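# Per-entry structural report
Take a look at the letters that make up each chain.
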Amino acid sequence: MDRKVTYEFKCIADCITDEKLDGYRKPAALAETMLQEGSGPGNDYIGWLDLPENVSSQQIAAIQSTAKELRDSIDILICIGIGGSYLGAKAAIDFLNPAFEELRKPQVIFAGHHMNSDYLSDLLQLIEKKEVALNIISKSGTTTEPGITFRVLRKALEDRYGKKKSTKRIIATTDPKTGALRELAVQEKYTTFAIPPDVGGRYSVLTPVGLLPIAVSGIDIKALLSGAAQAISFCSGTTIEDNLSMQYAINRNILFREGKAIEVLASFQPQLNFIVEWWKQLTGESEGKDYTGIFPAILNYTTDLHSVGQWIQQGARNIFETFLYLKKTNTTIKIPDFNDNRDELQYLSGSSFELVNENAFRGTLLAHMDGGVPASIITVSERSAQALGQLFYFFEKAIALSGYLLRVNPFNQPGVEAYKKNMFALLSKPGYEDAGNRLKTRLKDMGL
Ligand code: PA5
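Remember, it's a predicted structure, so these values are computed and weren't measured experimentally. (Residues numbered from 1 in each chain as written. Predicted model: local features only at pLDDT ≥ 70, side-chain atom pairs only at ≥ 80, totals over all residues. Heavy atoms only, no water.)

Moving on, we get to the packing of aromatic side chains. Summed over the entire model, instances satisfying the criterion amount to 23 aromatic pairs. An angle of 45° between the planes, with centres 6.1 Å apart, marks the rings of Phe268 and Phe323 as tilted. Placement of Phe268 in the loop between strand E7 (262–267) and helix H12 (273–287) and of Phe323 in strand E9 (residues 319–328) is noted, with a sequence separation of 55 residues between them. For Phe323, a relative accessible area of 0% translates into the label buried. Judged by centre distance (4.7 Å) and plane angle (65°), the ring pair of Trp278 and Phe392 falls under edge-to-face. (Phe/Tyr/Trp six-rings, centres within 6.5 Å; stacked < 30°, edge-to-face > 60°. Helix = DSSP H or I, 4+ residues; strand = E, 2+ residues; numbered from the N terminus. Buried < 20%, exposed > 50% of the residue type's maximum accessible area, 1.4 Å probe, protein only.)

For the rest of this paragraph, the subject is the sheet that holds E7. Spatial ordering of the open sheet is given by E1-E10-E9-E7-E8, a layout of five strands whose pairing is mixed. Looking at strand neighbours, the two that pair on one side only are strand E1 (5–8) and strand E8 (295–300), the edges of this open sheet. Taken over all neighbouring pairs, the strand axes of this sheet differ in orientation by 20° on average, direction set aside. Across six bridges, E7 lies against E8 in parallel orientation. Following the sheet pairing, Ala266 is matched in E8 by Leu299. Taken strand by strand, helix H11 (residues 244–257) contacts E1, E7, E9 and strand E10 (375–382), and its axis lies near 35° from that of E1. (Pairing = 2+ DSSP bridges. Axes fitted to C-alpha atoms, helices over the stretch in contact; angles between N-to-C directions. Contact = heavy atoms within 4.5 Å.)

A word on the domain arrangement of the chain. When cut into domains, the chain gives domain 1 (5–40 + 225–405) and domain 2 (51–219). The centre of domain 1, based on its C-alpha atoms, is set 30 Å off from the matching centre of domain 2. Counting the surface lost from both domain 1 and domain 2, the interface buries some 2100 Å², and carbon and sulfur atoms represent 71% of this. The interface formed by domain 1 and domain 2 holds one salt bridge in total. Ionic pairing is found between Glu285 and Arg202, a salt bridge with its closest N-O pair at 3.0 Å. Listing elements by their share of the side of domain 1 that touches domain 2, those giving two or more residues are helix H10 (221–234), H12, E10 and helix H15 (385–405). Per-element tally for the side of domain 1 that touches domain 2: the top contributor is H12, with eight residues. Of the residues assigned to the side of domain 1 that touches domain 2, the class counts are 17 nonpolar, four polar and six charged. (Domains from an automatic or database assignment. Buried area = accessible area lost by both parts, 1.4 Å probe. Salt bridge = Lys/Arg side-chain N within 4 Å of Asp/Glu carboxyl O. Nonpolar A, V, L, I, M, F, W, Y, C, P; charged D, E, K, R; others polar.)

Here it is as structure tokens:
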């Protein structure tokens, strides 16, 4: 098997001593066993573990056939979803497709991941003369952001194509049996795809949540799944030597216990920017609870070296850094020779951008280590669906293990409800009237 993901941590060898590692061998083996046997907290949400091998050929064929129909008939697919119902697809599509929407056919555009009229009105303008379809993605079917966005876009489609024709342009990805979106989809006869009940949002990229938009963008979803299935072999087992995800999970926990409360995942190529966004949600929602958890910060280098790079080099020393590095780009552009050294860059003429970027990476690694930031490196060898499948699985497994090492349930997100309850109360949702009055008084007392 061609392994396309590596994790290199020799550079933090002084922090990760054999003694410290040994201290984690037993708890990590237990965490792995809890996952494999389904005996740990949140065990009703571990369907993602075998997903790469369990997605049936019929399911893949159904997704591919819908994706082909869409690719042949539309200019734009609008995916409406938030959190785990959005980030995995966005990460994959940006990793494997051209940088600019104008170079993608069809375009997959995301909405419903915030509430902003200007964005939506620009989107309505963009789609005016385009052939469009909607993919509403919500496991619960009641999430506010995608829910209100879907209302606007569904109405726009119905106004344009008429009610009957517009239903053929709407695909609902949701719970197989229950929920408001499932009921609506059945009533309106939308095409539907099911999200397995035992897979939570942030672990759902390899279900139709991610697979359909990814396939519509032209990516080979079989290769993505087979990459993830390959990762099972090097991200499983009860020893660090066999299980790459376990190694990363342990290292994070060792550093966290030593006061490094923040992990910075720093990408070095723009194609990786949404993979780190996806990771931010995966780690933040999985670990940040019970008043513990490593705070996930993400940076995009070298861009951010000219922004918060100063902070990373010389700010508070409560961080550790994991570099996410793509080894091989698809193209190579060389720096032109102008026989003119006024910009002091003549010495680079004939060198590729990758050579310069790689040395920026190596230089940054050493500078940050010298500045007191423990650093390690995850590499992905190439921009391929197979490599991405391996990377997705590596991270999912690592964060699940890491959550168990932190002694939290990595598969729930009870804290997310707090803002929702307040928002419902402030918007006078029926049933929330008393709470709404209390909150409004509090805000008034604060002058808000
Ligand atoms: O990881 C999660 O479970 C969440 O981030 C959800 O994906 C997100 O809240 C969206 O939920 P839903 O798909 O029910 O609309």
